[in-house]
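Structural description and commentary
For reference, the chains in residue letters:
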Amino acid sequence: MGWLWAIIVGLVLGLIAKAILPGKQQIPLWLTVIFGMIGSVLGNAVATWIGVNDTKGIDWTRHVLQLIGAVVVVGVGDMLYASLRGNRQRT
């Protein structure tokens, strides 16, 4: 069940990150989900590191950190994907 939630959260955070980033991203949906999952894991790690991972009620700080992580990973991943894809087209 943990993997199902990771995929769902990755999809939602990845799509929100794509909506937040300016311009059109070139990465496909499956890669957006993977990048969203990675960003979520990074956000959880930062939340644990600063001590706000498990609080009473809704963990708003953790969720914001997950979203920030997803935005960063989707943005960097999109740039890498575009550069790799561009290199393949020239060859």
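In every chain, residue numbers begin from 1 and rise along the written sequence. Totals for whole chains, interfaces and linings use every residue, but because this is a predicted model, local features are given only for residues with pLDDT of at least 70 and side-chain atom pairs only at 80 or more, for both listing and counting. Only hydrogens and water are removed before side-chain values are computed, so all heavy atoms of the structure are retained for them.

Side chains of a nonpolar character, in soluble globular proteins, are inclined to be buried together. Nine residue types can take part in a nonpolar core, namely buried Ala, Val, Leu, Ile, Met, Phe, Trp, Tyr and Cys, and a core is a set of them joined through side-chain atoms within 4.5 Å. Burial classes follow relative accessibility: with a 1.4 Å probe on protein chains only, a residue under 20% of its type's maximum area counts as buried, one over 50% as exposed, and anything between as partly exposed. By size, the foremost hydrophobic cluster in this structure holds 10 residues: Leu-13, Ala-17, Leu-21, Ile-27, Leu-31, Phe-35, Ala-70, Val-71, Val-73 and Val-74. Counting residues per element, the ones that place at least two in this core are helix H1 (2-20), helix H2 (29-50) and helix H3 (60-90). Only DSSP runs of H or I reaching four residues or more are called helices, and only runs of E reaching two or more are called strands; each is numbered from the N terminus. Looking at this core, the element that brings in the most residues is H3, giving four residues. Note on contacts: a residue pair is in contact if any heavy atoms of the two residues lie within 4.5 Å. When near neighbours in sequence (up to four residues on either side) are disregarded, Ala-70 contacts Leu-13, Ala-17, Gly-36 and Gly-39.

Here the focus is a nonpolar patch on the surface. Together, Leu-4, Trp-5, Ile-8, Leu-11, Val-12, Leu-15, Ile-16, Ile-20 and Leu-29 make up a nonpolar patch on the protein surface, roughly 800 Å² of accessible area in all. Per-element tally for the nonpolar patch: the top contributor is H1, with eight residues. Note that patches include only residues with greater than 30% relative accessible area and no salt bridge, and the join distances are 9 Å for like charges and 5 Å for nonpolar side chains (Val, Leu, Ile, Met, Phe, Trp, Tyr). Calculation of accessible area relied on Shrake-Rupley with a 1.4 Å probe; when residues are assessed, cover is drawn exclusively from the protein chains displayed. In what follows, salt bridge is the name for a side-chain nitrogen of Lys or Arg lying within 4 Å of a carboxyl oxygen of Asp or Glu.

Our next topic: the pattern of salt bridges. In the structure shown here, the tally under the stated rule is one salt bridge. A salt bridge links Arg-62 to Asp-59; the shortest N-O distance between them is 3.3 Å. Residue Arg-62 shares its accessibility class with Asp-59, and that shared class is buried.

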